[in-house]
Amino acid sequence: MTRLPYDGVVLTAPVSVPYERYTNESAHWWIARALREALKKASVTPQELDGLSVSSFTLAPDTPVGLTQHFGISPRWLDTVPMGGASGVAAMRRAARAVQCGDVDVVACVAGDTNRIDSFRNLLSAFSRFSMDATFPYGFGGPNASFALLQDAYCHTYGATREDFGKIAVSQRANALHNPHAIMKKPLSLAQYMAGRMISDPISLFDCVMPCAGSEAFVMMREEMAVAKGLPYARISATIERTNAFPDDPMQLRGGWVVDIEELWDMAGHGPDAIDVLQTYDDYPVICMMQFEDLGFCAKGEGAEFVRRHDLTIGGGFPHNTSGGQLSVGQAGAAGGYLGLVEAIRQVTCTAGPTQVEGAKRAAVSGFGVINYDRGLCSAAAVIEGVNR
Amino acid sequence: MTTPLTLPPKKDPQKRTKVPVLPPVARSRAALGLGVMAAQGRFGLQVCSECAAIQYPPRDACVKCMSEDLAWQDVDPTGKVMAETTIRVSPEPYFRERMPWRMGAVQLAVGPTLNCHLHGEIGRGDAVRMALKLDKAGQGVLIALPLKGSDVMQDDPVLRAMSCDPKHRRILISDARAPMALALTQAMLSAGAAHVFLGEPEAWLSWPERAELEGMENVSIMPLDVTDVSSVAKLAAEIGGKVDILINTASYVRVGGIMDNDTSFASNSFEVNALGLMRLAQGFGRAMSGRVQDGINSAAAFVNILSVRALSPDANYGAFGASQAAARSISQSLRAEFQSSGMRMMNVYIGPIEGDAWFQPLPPPKVTPNAIARSVVSGLVDGLEEVTCGDIARDVYARWQADALLLEREMTGGGS
Amino acid sequence: MRDVIANVAEALAEGSARIVDLTHTLDPDFPVIILPPEFGQCARFRMEEVSAYDHRGPAWKWHKLTLNEHTGTHFDAPSHWVSGKDVPNGDVDEIDPSVFVGPVVVIDCSAGAAEDVDFELTPDVILAWEAEHGEIPADAWVLMRTDWSKRSGAQYLNMAEDGPHSPGPTPDAIRLLLERDIRGFGTETVGTDAGQGSHYVPPYPAHYLLHGAGKFGLQCLCNLDQLPAIGALLIAPPLKIKGGTGSPTRVLAMVNT
């Protein structure tokens, strides 16, 4: 069956609330900030808002249901997307169909998390049943240890080196220096990356994101409403999603995108070469490299060579994670699953400001998330195109 | 290569004793099955009864056909290390105190990929033998071991933390007069124990075997009567801080069922076999619990030698069997009470002992004191909780695990 | 009328008479008689705190005791032995209490016991004592002094592969004492009979013959070396246990200083 195009529904009002390392505020507080700002930007009142999609790890004991009474809104469409780093694309593709079908007019998609001193350890210890049973008892290294195993296997299979991963991190840091809200403010050289202390061999200090509090949001509506409000907006060319792909792979050397990637480019009507900006999910540089391969920008096993051959900075030939990515901006829980999509919307609507890639019209966004036991289970990808340039 | 353990220096009396912290404790119900296997020294996983798929991590429905009919079975432990990492940062206090910590991904020959601890002598690319061991939280965890390790492989710190190895440790055997006491003493010393204390009840009643224990190097005979609370307290006050492994060998046996046996004998059985254990735990338990992470010669385990008839009594030993069941129940409660410190409670189940007058007319097979001693040592080295020694104990325990009610009828109704 | 009680009280107060304690301290390490393992055994003395000015009882301290009627320094009643089972008033609660206080003679066998752990009290030894001190008076207690109470640990029971070895009376010695119509017989060892007493005919003659004749026994005594051969007063009241065959007893003697 051929999939329906995403005609008539658009993305507006990309909002990133500046992250903070530690906060006393709740996830509710952070989500409210992003939501309010996004509604203002979209010229939508809380009364006009009739759809809400929320992603958060730290809302407990609430679910998004509690947020409706908390914020005083009455949506006729409410979604929870627990897909971690894939939440942005997943939330978008669900909301898009509901708007297209007329089930809802305006959907605010928001992700936000708090970060208190003990938040990270508490989050990890109750992250998933399989992690509790079969990962954390073995050194409690968290995702750093799990991805270290992945990188160890990846490097020994395909020959990527630390320098290759370092180039990804260094390039993102260079991009982040243009982003006033990035948590990391100092330049990073390859020598500094290589000298970074080991966290969980071979994952080193500058391979790791900094857990933060923060929130991100965007608003989806019918195209004619966006036009009427005079908003810059982006159209959705294609999306894919897959959870628990390749369960029989002994180690995760490829993500779920591989299963459906042809469908993505088919639906978009073009190939990877037509992309102006790429936002990958960067919990670790090795996962960025995996996405270069699995999204089709290069062949499997050639990710290292691809990185060596391309300039990943804003002004370079292959702009990648243009706001600095989570590696330089910080990881605000589930908001990390929105970071790339929100930046991509800014890029293709020419509203990215200091991180703007000149002439960016088409962006690819990739999400990856929820490390359950020994691999990231959720993967998603989207191609969006800007209008009102 | 494993660095051999060296004899620990004397403890600095000015320093606070390290308080035991535990690795992660929480597990789902299905994952507790790993602990059941580890406690017995078995390597087993869930196997689907409908499609034979082997499951890991433990779960509630088959990963291939979604059947809920999953049974725990022994499984081939061979595998290959696919990847390894050295963790250097952790928010969890237990691992934080023991950085760096190696962790690996091993693919079993039978399929599943396991995240596991790594023995120091193996790494990426090596063929390994997987084992399930009880960690300090008392949970069953996976460790990849070399197919053929060095002579000192037990000294690997990760492995030693999951073991109650007598090497360099000080042992207290509660009753020097027990049939296996001498063999146990010799076995402990051969296994590298630093010292063996032997508790001697009723020194006013001489016994010829004492001569052989007197004058043995690194052996001390101390007064101890498990039926006398002041005796236990007195010895605990003197050596309680130096006991790393306590082996309770005190046992009172008299022949007789329930209707024909004297309650006076039964009372003695309970006093020695059940309440004796309780007094030892009260006297020595807290001090030992406080020292479970006190260096190389840390406190490690309580050991009971129980008749396998604790599980289902022999009609000719009714009161004795009841006292063994009571002792077993007490040991289970103690196991729970020790959980917060990481101290092991190991039960070694035996059948009738060769040479024991109270089982003299019974036919073979019987278990020898040397066999018991060997089982205690290997059980401690492997860090087990449930050990069976000898043919009878192995047989009865297996039948009890399979169907306890059927075992009861076999014992009385004579299945042929 | 003579006020003998007042005289005795005055004598004790001014020190012309004194009390000698013939009782071993009851503690968990004190040996008890050991019988063949198929038989019921004499419970050892055990003591457990019920409370000690703590949460179990804030203002008081007390203990639960476990022991046999025949643990430690103790009194044997006629009903203790099969030969005495039909003796009237043979249980401790039925014995006329006036017999708990009375004259006592001490036969010193300490030299003999020092040479021979199986030293026997024989009629000859008794007659030799009578030659020196006069005939044993009727209804007196007779105590066999061996200084055995100075032994401790394994030496006290003195258990060898063929059983215990400690001094005691022969059957004929008991018969002679019964001819003298003594009130009861006492020793410093764990029993009134010799350690090897089972080999006599009848076995355990002190128990068999004494209790069969309605006489009493005392064992695990000490400090007999502080008593004169004659002239002391023995005080040995057992607990008033219903149907009891004996009990641990505080055995005292009153002597002229």
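Preceding this section is the structure that the text describes.
Below or above, wherever it landed, is the structure these notes cover.

Analysis parameters
Residues numbered from 1 in each chain as written. Chains lettered and ligands numbered in written order. Predicted model: local features only at pLDDT ≥ 70, side-chain atom pairs only at ≥ 80, totals over all residues. Helix = DSSP H or I, 4+ residues; strand = E, 2+ residues; numbered from the N terminus. Rg over C-alpha atoms; globule rule 2.2 N^0.38 Å. Buried ≥ 20, exposed ≤ 12 C-beta atoms within 10 Å, placed from the backbone. Axes fitted to C-alpha atoms, helices over the stretch in contact; angles between N-to-C directions. Parallel < 35°, antiparallel > 145°, perpendicular 65-115°, else oblique. Contact = placed C-beta atoms within 7 Å. Nonpolar A, V, L, I, M, F, W, Y, C, P; charged D, E, K, R; others polar. Pairing = 2+ DSSP bridges. Core = buried A, V, L, I, M, F, W, Y, C linked by C-beta atoms within 7 Å.

1. Considerations on the overall build of chain C
Scanning chain C from N- to C-terminus turns up 6 helices and 15 strands. Computed over the C-alpha atoms, the radius of gyration of chain C is 19 Å, within 12% of the 18 Å expected from 2.2 N^0.38 for a compact globule of 257 residues. Taking the principal axes of the C-alpha coordinates as reference, chain C spans close to 65 × 60 × 40 Å. Every one of the 257 residues in chain C was classed for burial, and the buried ones make up 40%.

2. Notes on the packing of helix H3 (residues 87–100) of chain A against helix H14 (residues 336–348) of chain A
Helix-helix packing is characterised by the crossing angle of the two axes and by the distance between the axes. Residues and elements named next belong to chain A. Two numbers describe how H3 lies on H14: the axes approach to 6 Å, and their chain directions differ by 70°. Taken together, the axes of H3 and H14 are roughly perpendicular relative to one another. For the pair H3 and H14, contact is made by Ser87, Gly88, Val89 and Met92 and by Gly337, Tyr338, Gly340 and Leu341, respectively. Among the residues forming the contact of H3 with H14, the class breakdown is 4 nonpolar, 4 polar and no charged.

3. Here we look at the sheet that holds strand E9 (residues 277–279) of chain A
Residues and elements named next belong to chain A. Ordered by their spatial adjacency, 9 strands build an open sheet running E3-E2-E4-E7-E1-E8-E11-E10-E9, and the pairing between neighbours is mixed. The open sheet terminates on both sides in strands that have one partner only, identified here as strand E3 (77–80) and E9. Strand-to-strand twist across the sheet, computed as the mean angle between neighbouring axes with direction ignored, equals 20°. The pairing of E9 with strand E10 (residues 362–372) spans 3 bridges and is parallel. Looking at the pairing, Leu278 lines up with Ala364 of E10. Its contacts with the sheet place H3 against strand E1 (9–20), strand E2 (51–55), E3, strand E4 (106–113), strand E7 (213–222), strand E8 (234–243), E10 and strand E11 (375–386), and it is angled at close to 165° to E4.

4. Description of the nonpolar core
Counting 244 residues, the largest nonpolar core has Ala38(A), Met92(A), Ala108(A), Met220(A), Ile384(A) and Val348(B) as its most contacted members. At 9 residues, helix H7 (residues 263–290) of chain B tops the list of elements feeding residues into this core. Ignoring sequence-local partners within four residues, the contact set of Ala38(A) consists of Ala13(A), Val15(A), Ala108(A), Val110(A), Ala217(A), Phe218(A) and Val219(A). Judged by nonpolar contacts, the second largest core, of 50 residues, contains Trp81(C), Tyr156(C), Ile182(C) and Leu234(C).

5. Side note on the pairing of strand E6 (residues 113–118) of chain B
All names here are of chain B. With 6 of 6 residues buried, E6 is to be regarded as a mostly interior element. Sheet analysis places strand E5 (residues 101–108) next to E6, joined by 5 bridges and oriented antiparallel. Bridge pairing in E6 links Val106 to Leu114. Here E5 hands over to E6 after 4 residues, with Gly111 in that stretch at a positive phi of 130°. Sheet topology note: the E6/strand E8 (residues 140–146) ladder contains 2 bridges and is parallel. Opposite His117, over in E8, you have Ile143 as the bridge partner.

6. Side note on the interface of chain A and chain B
In this complex, chain A contributes 29 residues to the contact, which on the side of chain B involves 32 residues. Residue assignment for the side of chain A that touches chain B shows that the elements contributing at least two residues are helix H4 (119–125), helix H5 (129–134), helix H6 (142–158) and strand E5 (198–201) of chain A. Element by element, the count of residues in the side of chain A that touches chain B is highest for H6(A), at 6 residues. Classifying every residue of the side of chain A that touches chain B gives 17 nonpolar, 6 polar and 6 charged. Pairing between E5(A) and strand E4 (residues 78–87) of chain B: 2 bridges, direction antiparallel. Among the inter-strand pairings, Ser200(A) is bridged to a residue of E4(B), identified as Ile87(B).

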